[in-house]
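One-letter residues, chain by chain:
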Amino acid sequence: MKKTLVWTLASTIAAVFMFVFLQQYFAFNYFYEEQFRMFCFSADYAMPLLAEPAGAVEYASSFIIQFFVHNYVGAAVAAALWLASTAALRRLCLRLYGGRDLWLAYLLPAMPLVWAEASASYHLEATVAFLLVVVVLAGYVGIRRCSLRWALAVPMVWLTFHLTGSSALLMAVAIAVIEIQLTPWRKALPFAVAIMAIAVAAPLAAFYSGFSDKPLADLLSPSLYYQMLAPDTTAVWAAWALLVAVIAIGWVVRRAPAMQAKAAIAVAAVLQIIAASTVFVYGAKHYNDAGEYAVKEFDHYANTQQWDRLLASPRLRASQNTFHACYMNLALARSGMLVNRLTTTPQNGIQGLWLQWNKQMQVSALLSDVAYTMGNVALAQNLAFEAMTGCERGINPRMLLRLVKTNIIYGAYPVAEKYIKLLQHTYAYRSSADYYAQFLFDDSKVDADSELGNLRRCLSRLDGLTNIGMAPDDLIDIMRSNTSFRPAFEYYIAFCLLSGDLATLSLMLDEFVGAPALSPMPRPCQEAVLMMHEANPEQARAYGVDDSVMEQFQQFRALARQRRSNPSAAQQLRFNFGNTYWYYYLSRQ
């Protein structure tokens, strides 16, 4: 009893530590994973899954993952599954070890699966299946009568195959190792061979009978629990091997003399600590790639519109990475500060405004966000489709919500209604679906909405055709359609300023002078205008340049003329005017 209480306390502390660690360093992995599932509370969703091999574990995993939309849930679930696996494994091993405890050994097998959850290609099904196998095995060894265990082994393996897929092979191997320990080997060996053959027969029967449409290689290996194009199964193989090893060492532990000497106890403890620490440190570093994790963080902030947090992230490397720069500029645009902070933030050229499309899901989703912010509804819709096409299951609830909004804006209400009905069967997106349902077949309500109506007014000069490479050029038609839509003007001005194309900027200002979206004119734009019209201050003032900007420009020009002959003037120029467009333009020359 005392030993059980100590174990309970120690394992709980370990699980709390695991939760804190995962929440601190892995939290955005769980937010990201949530987007690639869309669990629906409907029989149409459940029945096809539950009828096929491994469908039950996929159904259970999808049910769990939908709650990852909330903070702390992902880390709590990962820690809880790990703790449950260790508790079941301890129960299993106490029977095999003759009551002796190897505490840290129980923590190891499920640990690679915790780290694998950081990979976007890994499926939580592997973790859930592993837990189910360990729980069933813990119950199996509790059956004292050999004949009853053997009678139950065959239906257990076949049922496990239907519920979890290839994890049934792990169960068969584990049962074989267990029986070799619990019964005389001459009697156990034929049974061990038979149970493994039966386990292999299950996927073969499912495949060749047409009961499952999954590839046979997936039904026979851990690749079932990964994306088809990226099946790095190392973590699952490691977990399976560790589980079998922990079970197998029961043969040694049962036959070893009682460890009464303090030295022997200390050596065993040290070896366990080294093993646990090695798996912990290596897995945490290997699977949680820093570059991918940063993108997942930005993606979450963009999805939840936490623009201030995105801009304040210490992982943001806008000057070194165009992907980061695109996220940063999206956040600035959504905050109404894109042009005003253009020269005070680290930029990466016009690629930081509009990435080159490479058909990857992450790029398509980001560009859909940018296009929607620009007011390019058709392109936002097209890229949302592209993002969903790049998803393993062909659906992304976040992008599906984008399709709801774009179709409402276009007045394609039957299409939007179809998507809304799908989202109304979900947990995390039901409230949003219900909100947008009020706009169906009601043009006046759409027109009056600050978001949807404003974007609908951006359509009048557009033909509905999309060209991903021409997104910056489409801005001019959006601006002509809705002269009050400031994000389109901000992106257009930003493209001109970062490329140094002041002639195009001048033509735009000539056409849209006095437009509501240009009042007040962003300061870097005023600085550019003054450069173009420094000989005609009245013309610059007519565009909206403030007198304070004109005065500062005179100081800048005086220092700029001295910089070649006076090194201190060059330093003073950078110190006083380094955050102006004048200095940015001068440094490009």
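The following paragraphs examine the structure supplied in this document. (Residues numbered from 1 in each chain as written. Predicted model: local features only at pLDDT ≥ 70, side-chain atom pairs only at ≥ 80, totals over all residues. Heavy atoms only, no water.)

### Focus: the packing of aromatic side chains
Phase 1 of the analysis: Inspection of every chain in the model, using the stated rule, returns 35 aromatic pairs.
Phase 2 of the analysis: A centroid spacing of 5.3 Å and a plane angle of 80° characterise the contact between Phe-63 and Phe-67, whose relative ring orientation is edge-to-face.
Phase 3 of the analysis: Ring pairs connect the aromatic residues Phe-39, Phe-41, Tyr-45, Tyr-59, Phe-63, Phe-67 and Tyr-427, which therefore count as one cluster.
Phase 4 of the analysis: For Lys-187, the ring lying beneath its charged end belongs to Trp-150, and the centroid distance is 5.7 Å.
Phase 5 of the analysis: The ring of Tyr-372 has Arg-402 lying over it, and the distance from NZ or CZ to the ring centre is 4.7 Å. (Phe/Tyr/Trp six-rings, centres within 6.5 Å; stacked < 30°, edge-to-face > 60°. Lys NZ or Arg CZ within 6 Å of the ring centre and 35° of its normal.)

### Considerations on empty space enclosed by the protein
Using a probe with the size of a water molecule, rolled over the atoms, empty space left in the structure can be pinpointed.
Phase 1 of the analysis: A full pass over the atoms with the stated rule returns four cavities of 30 Å³ or more.
Phase 2 of the analysis: There is about 60 Å³ of room inside the largest cavity.
Phase 3 of the analysis: Residue lining of the largest cavity: Glu-34, Arg-37, Met-38, Phe-39, Gln-66, Pro-397, Thr-426, Tyr-427, Ala-428 and Tyr-429, and that is the complete set.
Phase 4 of the analysis: Here the lining of the largest cavity is built from residues that sort into six nonpolar, two polar and two charged.
Phase 5 of the analysis: There is about 40 Å³ of room inside the second largest cavity.
Phase 6 of the analysis: In terms of lining residues, the second largest cavity is bounded by Tyr-32, Gln-35, Val-295, Asp-299, Tyr-327, Met-361, Gln-362, Ala-365 and Arg-398.
Phase 7 of the analysis: For the lining of the second largest cavity, the element with the most residues is helix 19 (residues 361-374), which contributes three residues.
Phase 8 of the analysis: Looking at side-chain class alone, the lining of the second largest cavity contains five nonpolar, two polar and two charged residues. (1 Å grid on protein atoms, 1.4 Å probe; cavity = no way out; pocket = protein on both sides within 12 Å on 5 of 7 lines; lining within 4 Å. Points joined across faces, edges and corners; volume = space filled by probe spheres on them. Nonpolar A, V, L, I, M, F, W, Y, C, P; charged D, E, K, R; others polar. Helix = DSSP H or I, 4+ residues; strand = E, 2+ residues; numbered from the N terminus.)

### Digging into the nonpolar core
Phase 1 of the analysis: Within the largest apolar cluster, 120 residues are counted, with the highest numbers of intra-cluster contacts made by Trp-354, Ile-408, Tyr-491, Leu-505 and Met-508.
Phase 2 of the analysis: Top element by residues in this core is helix 27 (residues 486-499). It accounts for ten residues.
Phase 3 of the analysis: Counting 82 residues, the second largest nonpolar core, distinct from the first, contains Val-57, Ala-116, Val-141 and Ala-235. (Core = buried A, V, L, I, M, F, W, Y, C linked by side-chain atoms within 4.5 Å. Buried < 20%, exposed > 50% of the residue type's maximum accessible area, 1.4 Å probe, protein only.)

### Regarding the side chain of Gln-23
Phase 1 of the analysis: Tracing the sequence through the fold places Gln-23 in helix 1 (residues 2-25).
Phase 2 of the analysis: Gln-23 has contacts with Asn-71, Tyr-72 and Ala-75, leaving out every residue within four places of it along the chain. (Contact = heavy atoms within 4.5 Å.)

### Regarding helix 28 (residues 502-512)
Phase 1 of the analysis: All of the buried residues along helix 28 are Leu-502, Leu-505, Ser-506, Met-508, Leu-509 and Phe-512. Mapping the buried residues of helix 28 onto a view down its axis gives an arc of 165°, with all of them on the same face. For helix 28, the exposed residues lying more than 90 degrees away from the buried face are Ala-503 and Leu-507.
Phase 2 of the analysis: Summarising the contacts, the buried residues of helix 28 are in contact with helix 26 (471-481), helix 27, helix 29 (523-532), helix 30 (537-543) and helix 33 (581-588).
Phase 3 of the analysis: Gly-514, located one to two residues past helix 28, shows a positive phi value of around 85°. (Arc of directions from axis to C-beta.)

### A closer look at unusual backbone geometry
Phase 1 of the analysis: Residue Pro-520 is reached from Ser-519 by a cis peptide bond, and omega for that bond is 0°.
Phase 2 of the analysis: The backbone of Ala-54 sits at a positive phi, close to 70°, despite the residue not being glycine.
Phase 3 of the analysis: Inspection of the secondary structure puts Ala-54 in the loop between helix 3 (43-50) and helix 4 (55-65).
Phase 4 of the analysis: By relative accessible area, which is 6% here, Ala-54 ends up buried.
Phase 5 of the analysis: You will see that Gln-305, though not glycine, has its phi angle at about 55°, which is positive.
Phase 6 of the analysis: Position of Gln-305 relative to the elements: it lies in the loop between helix 16 (290-303) and helix 17 (307-312).

### Section: the layout of surface pockets
Phase 1 of the analysis: The computed volume of the largest pocket comes to approximately 740 Å³.
Phase 2 of the analysis: Forming the walls of the largest pocket are 30 residues, and the residues nearest its centre are Tyr-32, Ala-120, Ser-121, Gln-227 and Gln-362.
Phase 3 of the analysis: Among the secondary structure elements, those contributing two or more residues to the lining of the largest pocket are helix 2 (27-34), helix 16 and helix 19.
Phase 4 of the analysis: Partitioning the lining of the largest pocket into residue classes produces 13 nonpolar, nine polar and eight charged.

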